[in-house]
There are 2 protein chains.
Amino acid sequence: MGIMVQKYGGSSVANVERIQHVAQRVVENRRKGNDMIVVVSAMGDTTDELIEKAAQINPHPSSREMDMLLSTGEQISISLLAMAIEAAGEPVISLTGGMSGILTDTAHKKARIASIDPTRVLKELADGKIVIVAGFQGVTKDWNITTLGRGGSDTTAVALAAAVKADLCEIYTDVEGVFTADPRKVPHASQLPEISYDEMLELAKLGAQVLHPRSVELARKHDVPLVVRSTFSDHPGTRVVEVNRMEQVLVRGVTLDNNIARIAVANVPDQPGIAFGLFKKLADHHITIDMIIQNLNHAAKNDISFTVALDDLHEAAQVSREYLNEIGGQGEVLEKENVSKISIVGTGITGNAEVASKLFGTLFDLGINIEMISTSEIKISCIIDSEKCDEALRQLHTAFALDRLDIV
Amino acid sequence: MGIMVQKYGGSSVANVERIQHVAQRVVENRRKGNDMIVVVSAMGDTTDELIEKAAQINPHPSSREMDMLLSTGEQISISLLAMAIEAAGEPVISLTGGMSGILTDTAHKKARIASIDPTRVLKELADGKIVIVAGFQGVTKDWNITTLGRGGSDTTAVALAAAVKADLCEIYTDVEGVFTADPRKVPHASQLPEISYDEMLELAKLGAQVLHPRSVELARKHDVPLVVRSTFSDHPGTRVVEVNRMEQVLVRGVTLDNNIARIAVANVPDQPGIAFGLFKKLADHHITIDMIIQNLNHAAKNDISFTVALDDLHEAAQVSREYLNEIGGQGEVLEKENVSKISIVGTGITGNAEVASKLFGTLFDLGINIEMISTSEIKISCIIDSEKCDEALRQLHTAFALDRLDIV
């Protein structure tokens with residue numbers, strides 16, 4: 001009993017039957033006495049269809065008009081879900097992002113929420129209505145429609161939950177919560193009943209697709225009680241908590257990210273500012289760098305290696321070559337696509353020597369060469385050749401005793 | 001040179017090619033030095049598809065949620081048209097009805113415009129942008145999205161033209177203006193270069209589908225210079241003017257409306273208040289009555305005949321029967337579906353005896369019985385059996401010398 005925010009993703013509302021299923025779930029929670037705020041994404045393929053239509057008309061439409069177009073996707077979802085709830089006999093109202101008081105900055109297609117004025121949402125709740133909110137969108141103070149970019153609907157849900165001081169924020173997805181590894185790749189992966197915000201944040205950043213990092217950060221910042229669970233079952237899901245109580249369990253999950261590429265800028269002069277200049281130029285091109293290694297090679301020249309998102313590989317290599325030309329034409333740029341980032345996540349693992357040695361030992365036993373390593377308080381990531389990455393994922397999962405025992 | 005409002009209907013933006021064609025036309029007008037405001041409807045079948053999706057979820061959705069759903073149709077059109085104009089290199093911005101300052105009452109699905117605050121539209125024009133406005137929609141003062149119902153986009157265009165004191169309002173459609181009769185039924189129908197507001201209003205009411213009566217009334221009230229023309233040609237179209245200058249041309253057009261039905265409430269007692277009670281009860285059921293005839297029959301009882309929209313026939317007959325029961329069970333209700341309303345329109349025709357006699361004579365020559373007649377200052381309408389209605393339309397068109405001479 002209290003205010004409950006639920007978020008349903010695109011696959012949860014992909015067709016009429018699923019919308020009716022979601023309506024049923026919402027109505028049940030309402031009838032248990034909860035004030036319900038429901039955030040929904042666009043139906044299944046709607047967004048892709050709209051993007052394709054736009055592409056036929058203009059290969060480079062302005063972000064402002066793309067947002068005007070794409071925001072219709074959620075508007076369709078919210079009205080249809082509201083109609084399904086009306087059919088079930090409960091008072092309901094759908095609200096766009098703007099109507100829900102979600103004010104954003106002006107960065108179209110990747111706007112950030114500046115503030116939320118929950119007056120309207122709270123008024124509708126007070127009137128006894130289930131409130132359906134369009135995820136992924138907001139408005140600027142000059143009344144232009146914006147979209148929040150990747151993970152936008154999760155962010156809408158968490159931000160609303162924070163604004164109305166919700167008692168619970170449930171993120172519904174098509175899996176039964178957060179797993180120790182991607183169950184599609186590791187059949188023995190276990191569902192985690194609990195995970196800390198920090199661990200969840202690392203997992204989210206490392207490619208576990210259940211929650212977007214932005215929403216996890218926001219939830220941690222505002223102490224939003226968060227649960228990740230499945231639309232298609234009654235499994236209780238994974239609760240994201242302040243601190244992971246189970247100290248003895250160090251490694252909470254293993255993740256794999258294949259959506260990366262490595263660039264090596266080799267044999268550049270060993271003089272100050274070279275690396276700085278390179279990364280400054282890449283940043284000017286809005287290319288995000290993940291891991292970086294720089295070292296002196298046998299010829300007393302510098303090798304600078306870094307990873308980028310696979311989509312950015314071509315442009316990043318191009319920019320790097322331009323940079324080498326600008327500084328005198330020395331050195332060369334090498335690209336490698338088939339690399340993967342494999343990571344283990346768990347509170348306190350970098351303070352535990354056994355964990356690192358088990359990680360490196362397992363990869364060594366598989367004959368896998370580690371190209372780069374990076375660590376944070378709660379994760380260790382290795383860049384490896386993609387060839388054996390799936391096997392590495394499964395072996396690490398077993399090595400860290402994450403396998404479910406009830407699967408043969 | 002000045003502010004030009006153009007309105008393009010759903011068939012004008014039905015697909016990518018047509019959207020690009022409209023963009024070209026808008027850009028040409030902009031490059032001639034005009035400030036352009038462009039009102040668009042939803043693309044072709046979008047609205048029907050959305051209605052069908054809603055019907056699968058809820059056979060009786062609330063009007064409020066239907067408006068939330070249907071308003072996405074125009075939002076898609078405006079953003080795509082804006083992208084097409086961007087591709088042509090002109091500054092442009094799309095605005096929803098709400099963003100354009102269109103404030104309506106709260107009658108969802110058939111809202112009426114309460115006021116227009118053109119501040120945003122004028123600001124965008126001043127910034128040198130072509131402004132694309134979503135037709136058919138607005139917002140209430142409590143920020144709920146409304147739709148304007150039938151003829152809504154025409155009304156948006158005319159109301160905006162009035163609010164910004166536009167120099168011209170062009171309504172684009174798929175025919176080359178207003179014709180003396182429906183060209184699909186009367187091949188010799190002539191396009192009219194000019195027509196008066198009053199004549200246009202009668203034609204619109206009588207089923208000529210080029211302009212909705214609401215928009216004509218609004219244009220007349222605010223002296224909006226109105227032109228009806230084709231999206232698909234450069235024909236100058238039909239200009240709607242204050243007074244038709246050509247006094248000698250009496251009859252301006254012949255119209256046919258098959259979307260009606262007749263109800264006869266026969267043999268009711270001849271006592272005061274019976275007809276009033278009947279029509280009051282029908283009005284309470286939101287049934288609009290068109291023509292009414294009441295007369296004493298040979299048995300000294302009253303026969304009351306009236307016409308309604310075909311869609312309302314069943315309910316109107318039902319309500320009439322209930323009414324007869326309430327007043328004592330006398331009389332009977334007869335329904336007739338296959339009736340048509342054939343009308344001639346022209347300033348001053350009811351003051352000209354020759355016109356009426358030519359009308360009745362032509363129908364008599366065809367062996368057509370006139371069931372009901374109604375007249376206004378500028379039209380005469382007859383209810384006839386539908387069987388020969390198309391022939392009657394063509395014969396009247398010829399009789400009143402409206403046939404084009406350049407068609408054999």
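Because the structure is a prediction, the values reported are computed rather than measured.

Reading the values: rules and limits
Residues numbered from 1 in each chain as written. Chains lettered and ligands numbered in written order. Predicted model: local features only at pLDDT ≥ 70, side-chain atom pairs only at ≥ 80, totals over all residues. Heavy atoms only, no water. Least-squares fit on C-alpha atoms with pLDDT ≥ 70 in both. Contact = heavy atoms within 4.5 Å. Phe/Tyr/Trp six-rings, centres within 6.5 Å; stacked < 30°, edge-to-face > 60°. Helix = DSSP H or I, 4+ residues; strand = E, 2+ residues; numbered from the N terminus. Buried < 20%, exposed > 50% of the residue type's maximum accessible area, 1.4 Å probe, protein only. Domains from an automatic or database assignment. Arc of directions from axis to C-beta. Buried area = accessible area lost by both parts, 1.4 Å probe. Salt bridge = Lys/Arg side-chain N within 4 Å of Asp/Glu carboxyl O. Polar contact = N/O pair within 3.5 Å; in protein donor to acceptor, adjacent residues only side chain to side chain. Nonpolar A, V, L, I, M, F, W, Y, C, P; charged D, E, K, R; others polar. UniProt positions renumbered as here; feature names shortened; annotations may be inferred. Expected span 1.5 Å × (residues − 1). Pairing = 2+ DSSP bridges. Axes fitted to C-alpha atoms, helices over the stretch in contact; angles between N-to-C directions. pLDDT = per-residue confidence, 0-100. Parallel < 35°, antiparallel > 145°, perpendicular 65-115°, else oblique. Left-handed = near helix turned anticlockwise from the far one by under 90°.

What about the relation of the copies chain B and chain A?
Expressed as a screw transformation, the operator carrying chain B onto chain A has a rotation angle of 180° and an axial translation of 0.0 Å, and the superposed copies differ by an RMSD of 0.1 Å. The two molecules are tied by a two-fold rotation axis, judged by turn and shift. For chain B, the residue whose C-alpha comes nearest the rotation axis is Thr72 of chain B, separated from it by 2.6 Å. Both copies share a contact surface, since 100% of the interface residues of chain B are interface residues in chain A too.

A word on the packing of aromatic side chains
Residue and element names in this part refer to chain A. Under the defined criterion, the tally for this structure stands at five aromatic pairs over all chains. For the ring pair Tyr8 and Tyr172, a centre distance of 4.6 Å and an interplane angle of 15° mean the geometry is stacked. Of this pair, Tyr8 sits in strand 1 (residues 3–8) while Tyr172 sits in strand 9 (residues 168–173), and the two are 164 residues apart along the sequence. No difference in accessibility class separates Tyr8 from Tyr172, as the two residues are buried. Between the aromatic rings of Phe279 and Phe306, the centroid separation amounts to 5.3 Å while the plane-to-plane angle is 80°, which identifies the pairing as edge-to-face. With Phe279 in helix 8 (residues 274–284) and Phe306 in strand 15 (residues 302–309), this residue pair connects regions lying 27 residues apart in the sequence. For the pair formed by Phe279 and Phe306, the shared burial category is buried.

Comments concerning the domain arrangement of chain A
The domain architecture assigned to chain A consists of domain 1 (3–173) and domain 2 (254–399). Using only C-alpha atoms to locate each centre, domain 1 of chain A and domain 2 of chain A end up separated by 37 Å.

Notes on helix 11 (residues 389–399) of chain A
Of the positions making up helix 11 of chain A, those classed as buried are Cys389, Ala392, Leu393, Leu396 and His397 of chain A. The buried residues of helix 11 of chain A all sit within an arc of 135° when viewed along its axis, so they share a single face.

Topic: the interface of chain B and chain A
Of the residues lining the interface, 40 residues belong to chain B; the matching set on chain A comes to 41 residues. For the pair chain B and chain A, the summed buried surface comes to about 3400 Å²; carbon and sulfur atoms form 66% of the total. Among the residues of chain B in contact with chain A, Ile57, Met83 and Trp143 of chain B are the three that bury the most area, contributing 21% of the side total. Across the chain B-chain A interface, the total number found is zero salt bridges. If you look at where chain B meets chain A, you find 18 residue pairs in polar contact (both at pLDDT 80 or more). Of all elements in the fold, only helix 1 (16–31), helix 2 (46–57), helix 3 (63–87) and strand 3 (92–95) of chain B reach the threshold of two or more residues within the side of chain B that touches chain A. Per-element accounting of the side of chain B that touches chain A gives the leading share, 17 residues, to helix 3 of chain B. The residue makeup of the side of chain B that touches chain A, split by class, is 22 nonpolar, 12 polar and six charged.

Focus on the UniProt feature "domain: ACT" (unreviewed entry) in chain A
According to UniProt, the positions carrying the feature "domain: ACT" (unreviewed entry) are residues 263–341 and 344–408 of chain A. As annotated, residues 263–341 of chain A has a helix share of 32% and a strand share of 41%, and its two end C-alpha atoms lie 14 Å apart.

Quick word on helix 3 (residues 63–87) of chain A
Residues and elements named next belong to chain A. Counted at 1.5 Å a residue, the expected span for helix 3 with its 25 residues is 36 Å, and the 37 Å between its end C-alpha atoms agrees. Here helix 3 lies mainly inside the structure; 22 of its 25 residues are buried. With its phi angle positive at about 90°, Gly89 sits one or two positions after the end of helix 3.

Topic: the pairing of strand 14 (residues 289–296) of chain B
All names here are of chain B. Relative to strand 15 (residues 302–309), strand 14 runs antiparallel, the two sharing six bridges. Across the sheet, the residue bridging to Ile292 is Phe306, located in strand 15. Where strand 14 folds back onto strand 15 in an antiparallel hairpin, the turn is made up of five residues, including Ala300, whose phi is positive at roughly 60°.

Notes on the sheet that holds strand 16 (residues 332–345) of chain A
Residue and element names in this part refer to chain A. Across the sheet, which stays open at both edges, the six strands sit in the order 14-15-13-16-18-17 with antiparallel pairing between neighbours. Bordering the open sheet on either side are strand 14 (289–296) and strand 17 (370–376), each of which pairs with just one other strand. Adjacent strand axes in the sheet meet at a mean angle of 25°, parallel and antiparallel pairs treated alike. In terms of strand pairing, strand 16 meets strand 18 (residues 379–385) through seven bridges, oriented antiparallel. Bridge pairing in strand 18 links Ser343 to Ser381. Against the sheet, helix 11 touches strand 13 (253–268), strand 16 and strand 18, its axis set at about 130° to strand 13.

What about the confidence of the model for chain A?
When pLDDT drops low, the exact placement of atoms in the prediction is not to be read closely. Confidence in the prediction for chain A averages 91 pLDDT; 97% of positions are at 70 or higher. For this predicted complex, the interface confidence comes out at an ipTM of 0.81, alongside a pTM of 0.83.

Side note on the pairing of strand 12 (residues 238–241) of chain B
Residues and elements named next belong to chain B. When strand 10 (residues 194–196) meets strand 12, the two strands line up parallel, connected through three bridges. In the sheet register, Ser196 faces strand 12, and the bridge partner there is Val241. Here strand 11 (residues 226–230) runs beside strand 12; their pairing, made up of three bridges, is antiparallel. Residue pairing across strands places Val228 opposite Thr238, the latter belonging to strand 12.

Concerning the UniProt feature "binding site: substrate" (unreviewed entry) in chain A
Residue and element names in this part refer to chain A. The residues that UniProt annotates with the feature "binding site: substrate" (unreviewed entry) are Thr47 and Glu74. Across 28 residues, the annotated set stays spatially compact, with a maximum C-alpha separation of 9.0 Å. With respect to the element layout, Thr47 can be found in helix 2 (residues 46–57). For Thr47, the residues in contact, after removing those within four places along its chain, are Ala42 and Leu70. By relative accessible area, Glu74 is classed as buried at 2%.

Remarks on the packing of helix 6 (residues 197–205) of chain B against helix 7 (residues 213–221) of chain B
Relative orientation and spacing of two packed helices are given, respectively, by the angle between their axes and the distance between those axes. All names here are of chain B. Helix 7 packs onto helix 6 with a crossing angle of 165° between their chain directions and a minimal axis gap of 9 Å. Of the possible angle classes, the one that applies to helix 6 and helix 7 is roughly antiparallel. In terms of crossing hand, the pair formed by helix 6 and helix 7 is left-handed. In this structure, helix 6 uses Tyr197, Asp198, Met200, Leu201, Ala204 and Lys205 to contact helix 7, whose residues at the interface are Pro213, Val216, Glu217, Ala219 and Arg220.

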